[in-house]
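Structural features, examined
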Amino acid sequence: MPTVDASPYSFTFDPESTALLVIDMQRDFVEPGGFGETLGNDVGKLQKVIPPLARLLGAARAAGLLVVHTREGHLPDLSDCPPAKLNRGAPSMRIGDPGPKGRILIRGEYGHDIVDDLKPLGDEPVIDKPGKGSFYATDLGELLAGKGVTSLIVTGVTTEVCVHTTVREANDRGFECLVVSDCVGSYFDEFQEAGLAMIAAQGGIFGWVAPSDKLIEVM
Ligand code: TIU
């Protein structure tokens, strides 16, 4: 079985029971004119995730791993967006407002979809989620259970928000999670560093961390 040189110790996985999870690589987070920018973020910081993640995605597909994509977003009538999320802070535009790439963070809009370089293949599940976690109010748990998946290779954005929330949800559900350090990204350098450190601390309290080259070399 492939064994990755990871932190805090090596991560062994069975490709038959492992999925690559690609979290929220949507234009709304990584391109100008979307949700991430409305919150005051420099979205350019997330674009460096795309090339290594595209390479890992290719390797995972070649190795026959299940690939699951997620997208954060809401129904056009916002009925699945709690007021606590809609009204939070003072963004330049709110969820549902018309932006240059369509309505901000709304399902079906151009900005809500996944960037071209990481486009899902036809048979790869795409999980639409209203929250930061990928398990909350979705059928991801049932999907993974149905396919016998027990380990997750976790990638996407942002490290401290949707990636962390998902890894914590997954860990509590009994999944073993490897977070790929150069395939997750944050708008904040200090959160990237701390977010990765928190996964592997305390003997791997939430999981493992490794760079994509170490993972690809054993796939
Ligand atoms: N704002 C931020 O860092 N992230 C999010 O709102 N969603 C995800 O991380 N996908």
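Residues numbered from 1 in each chain as written. Predicted model: local features only at pLDDT ≥ 70, side-chain atom pairs only at ≥ 80, totals over all residues. Heavy atoms only, no water.

Focus on the sheet that holds strand β3 (residues 18-23)
Paired through backbone hydrogen bonds, the strands of a sheet run either parallel or antiparallel to each other. In plain terms, the rule: DSSP calls a pair of strands paired once it identifies at least 2 bridges connecting them. For the purposes of this entry, the term helix denotes a DSSP run of H or I that reaches at least four residues, the term strand denotes a run of E that reaches at least two, and both are numbered from the N terminus. Where helices are involved, their axes are fitted lines through C-alpha atoms of the stretch in contact, as for all axes, and angles between N-to-C directions lie from 0 to 180°.
Pairing is parallel across the open sheet formed by six strands, whose spatial order is β7-β4-β3-β8-β9-β10. Of all the strands in the sheet, just β7 (126-129) and β10 (208-210) have a single pairing partner and so form its edges. Going across the sheet, the axis of each strand differs from the next one's by a mean of 25°, ignoring polarity. Where strand β9 (residues 176-185) meets β10, three bridges bridge the pair, whose relative direction is parallel.

Here we look at the pattern of salt bridges
Between side chains of opposite charge, a pair can form as their charged atoms come close. This is how the line gets drawn: The term salt bridge refers to a pairing of a side-chain nitrogen on Lys or Arg with a carboxyl oxygen on Asp or Glu at a separation within 4 Å. For every residue, the accessible area (1.4 Å probe, protein chains only) is compared with the maximum for its type, and the residue is labelled buried under 20%, exposed over 50%, or partly exposed between those bounds.
Across all of its chains, the model carries 11 salt bridges by this definition. Between K129 and D24 there is a salt bridge, with the nearest N and O atoms lying 2.7 Å from each other. Here K129, found in strand β7, pairs with D24, found in the loop between β3 and α1 (27-30); they are 105 residues apart in sequence, far enough to count as distant. An identical accessibility class is assigned to K129 and D24; each is buried. For R71, the salt bridge goes to D113, with nearest N and O atoms at 3.0 Å. Separated by 42 residues along the polypeptide, R71 in strand β4 (residues 66-72) and D113 in the loop between β6 (102-103) and β7 bring together distant segments of the chain. Given the relative accessible area of 29%, D113 is considered partly exposed.

As for helix α7 (residues 159-172)
An α-helix turns once every 3.6 residues. As a result, residues three or four positions apart point the same way. Basically, it comes down to this: Each helix should span, by expectation, one fewer than its residue count multiplied by 1.5 Å. In this description, contact between two residues means that some pair of their heavy atoms is separated by no more than 4.5 Å.
For α7, built from 14 residues, the straight-helix expectation of 20 Å at 1.5 Å per residue is met to within 8% by its first-to-last C-alpha distance of 18 Å. Listed in full, the buried residues belonging to α7 are T159, C162, V163, H164, T166, V167, E169 and A170. Its buried side turned inward, α7 meets β3, β4, β7, β8 (151-157), β9 and α8 (189-204).

Topic: the site of the ligand
So the rule is basically this: Being near a molecule or strand, for a residue, means having at least one of its heavy atoms within 4 Å of it. In the analysis that follows, any N or O atom pair within 3.5 Å is treated as a polar contact, provided that within protein one partner can donate a hydrogen and the other can accept it, and provided that, for residues neighboring in sequence, both atoms belong to side chains. All accessible-area figures derive from a Shrake-Rupley calculation using a 1.4 Å probe, and residue coverage is judged against the displayed protein chains alone. Amino acid classes used here: Ala, Val, Leu, Ile, Met, Phe, Trp, Tyr, Cys and Pro are nonpolar; Asp, Glu, Lys and Arg are charged; the rest, including Gly, are polar.
The environment of the ligand is formed by D24, F29, F35, L39, E72, K132, V157, T158, V161, C162 and Y187. A distance of 2.8 Å separates a nitrogen atom of the ligand from a polar side-chain atom of E72. V157 is positioned such that a nitrogen or oxygen atom in its backbone is 3.1 Å from a nitrogen atom of the ligand. Look at the ligand: alone it shows 280 Å² of surface, and the protein chains cover 93% of it. Residues of the shell around the ligand, tallied by class, amount to seven nonpolar, one polar and three charged.

A short note on the environment of A6
The residue A6 is located in the loop between β1 (3-4) and β2 (11-12) in this model. Under the relative-accessibility criterion, A6 is labelled buried at 13%. When neighbours within four sequence positions are excluded, A6 is seen to be in contact with F11, L178, W208, V209 and A210.

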